[in-house]
Amino acid sequence: MIWNPGIEQADRETIRSIQLQKLKRILIHARDNVPFYREKMARVGFIPEDVTRLEDIQKLDFTVKTDLRDHYPYGLFAVPMEDIVRIHASSGTTGKPIVAGYTREDLDVWSECIARLVTAAGARKGDIAQISFGYGLFTGALGLHYGLEKIGAAVVPVSSGNTVRQVQLMRDFGATVLVATPSYAMYLAEAAEKAGAMQDIKLRVGLFGAEGSTEEMRAELERRWGIIATENYGLTEVMGPGVSGECEYKKGMHINEDHFLCEIIDPQTGEVLPDGAEGEMVITTLSKFAMPMIRYRTRDITRIITEPCECGRTTLRMEKCKGRSDDMLIIRGVNVFPSQIESALLGVTGIGPHYEIVVTRENYMDKIEVRVELTDEENLDNFAELERLRNHIAGRIRAICQLDMAIRFVSPNTLKRFEGKARRVTDLRNQ
């Protein structure tokens, strides 16, 4: 099923025409109402009315996260506060939070974007959707909430936490759709298995986001829950979830192109790369009037997919994010993404799906240790089995990352579980 065939199955010429029309409108709106953008355009002599091609936007500098923090809280808003009906914000764990404002029209666009993506993933009218994202300033829960209601699904706003109750409600309410981070969905699966509830749970679709995950993680979630596990993408700065999402064929996340203009750049040089090249995603919002974002650097590493999708949608897709350019670890000159380590770990018999990466520095040398849980505690006393397993895991990591890493085994259920975004890396190099 396709929610909005007129857009999702439009030809490329139509899509680009819509994008160009909306781009000029949002650029004029940003210039006229946001001093930050007015000054940015004036510096390079950029005149929105003169835009004739989508590529003309490349004449403007990028917007970056520090710009939002420098204008905290409302300095990038483009409408009067009396027109703002919702305010969200990021956690702000590394400084001032990122604030996002929405007009009523912005919220309608957001719901439409989510409706398309959840429909593509297999959600339908009549589904019962359990939302296990934390409600509050975080955009994820309310973003999915209103989009699922728009398609006619019944929403159970459980929020995060109280895992035992989550499993009980999932069983008692007959939830068919689960919204969560991949790591929390894995934790819920453990709890459901421990409670003997799996046979009574009716889930068939997983809508996962807010953190990256690997194909190995997806396969494990599908195996344990018996579901179709899909991923969706977004970020507070440009709206929240709703930028893109996977269809049931799971071959890239379809971009809502009439609302977002996406570019891929070289994260080092800022050069715009051709479709198909891997680089950093840059997003311009085309329909968000409370707080437009022009050429926002997401730091997410991905690529654009142009090949036709079997589902019949014609919108461009983005590959699952490999990682973030600012989350990349540089260990002894080698670039390492946590997702690469996850790919090596998941599927290995004898260890669980939870892990921690600890980075230290000794004698000016970076060292990395991967901590994993054994599934059978008795193996902690089996030296021969531990060595075999350690060598096997180290070899898989070496093949993917081209780097030797220490492997440390811990008892089952001892590593931290996460109800929100998982924090897999502990970097102690500056301590």
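Reading guide: rules and limits
Residues numbered from 1 in each chain as written. Predicted model: local features only at pLDDT ≥ 70, side-chain atom pairs only at ≥ 80, totals over all residues. Heavy atoms only, no water. Pairing = 2+ DSSP bridges. Helix = DSSP H or I, 4+ residues; strand = E, 2+ residues; numbered from the N terminus. Expected span 1.5 Å × (residues − 1). Contact = heavy atoms within 4.5 Å. Polar contact = N/O pair within 3.5 Å; in protein donor to acceptor, adjacent residues only side chain to side chain. Axes fitted to C-alpha atoms, helices over the stretch in contact; angles between N-to-C directions. Parallel < 35°, antiparallel > 145°, perpendicular 65-115°, else oblique. Left-handed = near helix turned anticlockwise from the far one by under 90°. Nonpolar A, V, L, I, M, F, W, Y, C, P; charged D, E, K, R; others polar. Patch = residues over 30% accessible without salt bridge, like charges linked within 9 Å, V, L, I, M, F, W, Y side chains within 5 Å. Areas by Shrake-Rupley, 256 points an atom, 1.4 Å probe, with all protein chains shown as cover. Salt bridge = Lys/Arg side-chain N within 4 Å of Asp/Glu carboxyl O. Buried < 20%, exposed > 50% of the residue type's maximum accessible area, 1.4 Å probe, protein only. Phe/Tyr/Trp six-rings, centres within 6.5 Å; stacked < 30°, edge-to-face > 60°. Lys NZ or Arg CZ within 6 Å of the ring centre and 35° of its normal. Core = buried A, V, L, I, M, F, W, Y, C linked by side-chain atoms within 4.5 Å. Lys, Arg positive; Asp, Glu negative; His and termini not counted. Charge placed at Lys NZ, Arg CZ, Asp CG, Glu CD.

Draft legend 1. Representation of the sheet that holds strand β11 (residues 279-285) in the model. Strands sit in the order β10-β11-β12-β15 across an open sheet of four strands; the sheet is antiparallel. Both edges of this open sheet fall to β10 (260-265) and β15 (323-324), since each of them pairs with a single strand only. One ladder, built from two bridges, connects strand β12 (residues 296-302) with β15; its direction is antiparallel. Looking at β15, one finds that I301 is bridged to G323.

Draft legend 2. Layout of helix α2 (residues 12-33). Across its 22 residues, α2 extends 31 Å between first and last C-alpha, which sits within 8% of the 32 Å expected from 1.5 Å per residue. Buried residues in α2 make contact with α1 (5-8), α3 (35-43), β10 and β11. A side-chain oxygen of the first residue of α2 lies 3.1 Å from the backbone nitrogen of E13; this N-cap is D11.

Draft legend 3. Examining the packing of helix α10 (residues 338-345) against helix α11 (residues 383-401) more closely. Packing of α10 against α11 brings their axes to within 9 Å, and their N-to-C directions diverge by 140 degrees. Our classification of the angle between α10 and α11 gives oblique. Read as a crossing pair, α10 and α11 show a hand that is right-handed. In contact with Q340, I341, S343, A344 and L345 of α10, α11 contributes I393, R396, I397, I400 and C401. For the contact of α10 with α11, a count of residues per class yields seven nonpolar, two polar and one charged.

Draft legend 4. Broad picture of a nonpolar patch on the surface. Nonpolar side chains collect at one region of the surface, where Y74, M81 and I87 lie side by side and expose about 260 Å² of accessible area between them. Mapping I87 onto the fold places it in strand β1 (residues 86-89). Overall, the relative accessible area of 34% leaves I87 in the partly exposed class.

Draft legend 5. Quick look at the pairing of β12. Most of β12 is tucked away: six of the seven residues are buried. In this structure, β11 lies alongside β12, joined through four bridges in antiparallel fashion. The residue of β12 that forms the bridge with I283 is Y296.

Draft legend 6. How the structure looks around the packing of aromatic side chains. This model, assessed by the stated rule, comprises five aromatic pairs. Ring geometry for F36 against Y37: centres 5.0 Å apart, planes inclined by 70 degrees, an arrangement best described as edge-to-face. For Y37, a relative accessible area of 1% corresponds to the buried category. Here Y184 and Y187 contribute two aromatic rings whose centre-to-centre distance is 6.0 Å and whose plane-to-plane angle is 70 degrees, an arrangement assigned as edge-to-face. Within this pair, Y184 and its partner Y187 are both found in helix α8 (residues 182-194), separated by three residues, close to a single helical turn. With a relative accessible area of 0%, Y184 lands in the buried category. R297 extends its terminal NZ or CZ atom over the ring of F62, reaching a point 5.5 Å from the ring centre.

Draft legend 7. Summary view of the nonpolar core. Counting 70 residues, the largest nonpolar core has L23, L144, L148, L207, Y233 and I283 as its most contacted members. A total of eight residues in this core trace back to one element, the largest contributor, which is helix α5 (residues 104-121). L345, I351, L389 and A394 belong to the second-largest nonpolar core, a separate cluster that totals 25 residues.

Draft legend 8. Local environment of the packing of α2 against α3. Running from N to C, α2 and α3 cross one another at 105 degrees; their axes reach a closest spacing of 5 Å. Considering their axes alone, α2 and α3 lie roughly perpendicular with respect to each other. Here α2 contributes L27, A30, R31, D32 and N33 to the contact with α3, which in turn contributes P35, Y37, R38 and M41. Split by residue class, the contact of α2 with α3 holds five nonpolar, one polar and three charged.

Draft legend 9. Looking closely at a negative patch on the surface. A grouping of E82, D83, E105 and D108 is seen on the molecular surface, where their side chains present a negatively charged patch. Tracing the sequence through the fold places E105 in helix α5.

Draft legend 10. Examining the sheet that holds strand β14 (residues 317-318) more closely. With mixed pairing, nine strands are arranged side by side in an open sheet as β4-β3-β5-β6-β7-β8-β9-β14-β13. Two strands in the sheet have a free side with no partner beyond their single neighbour: β4 (154-156) and β13 (304-305). As paired elements, strand β8 (residues 240-246) and strand β9 (residues 253-255) share three bridges and run antiparallel to each other. By the bridge assignment, G245 is partnered in β9 with H254. Against the sheet, α5 contacts β6 (205-208), β7 (228-235), β8 and β9, and its axis sits at roughly 30 degrees relative to β8. On top of the sheet, helix α9 (residues 215-225) reaches β6, β7 and β8; it is set at about 135 degrees to β7, its chief contact.

Draft legend 11. Structural context of the pattern of salt bridges. According to the stated counting rule, one finds 36 salt bridges in the structure shown. Of the charged contacts, one joins R124 and E248 as a salt bridge, the two residues approaching to 3.6 Å between their closest N and O atoms. Here R124 is found in the loop between α5 and β3 (128-131), whereas its partner E248 is found in the loop between β8 and β9, with 124 residues between them in sequence. Among the salt bridges present, the one from E246 reaches R218, with a minimum N-O distance of 2.7 Å. Of this pair, E246 sits in strand β8 while R218 sits in helix α9, and the two are 28 residues apart along the sequence. Here E246 and R218 have matching classes, each one buried. Residues joined by salt bridges that share partners form a network here, namely R16, R53, E55, D56 and K59.

By themselves, these are just geometric observations and shouldn't be taken as functional.
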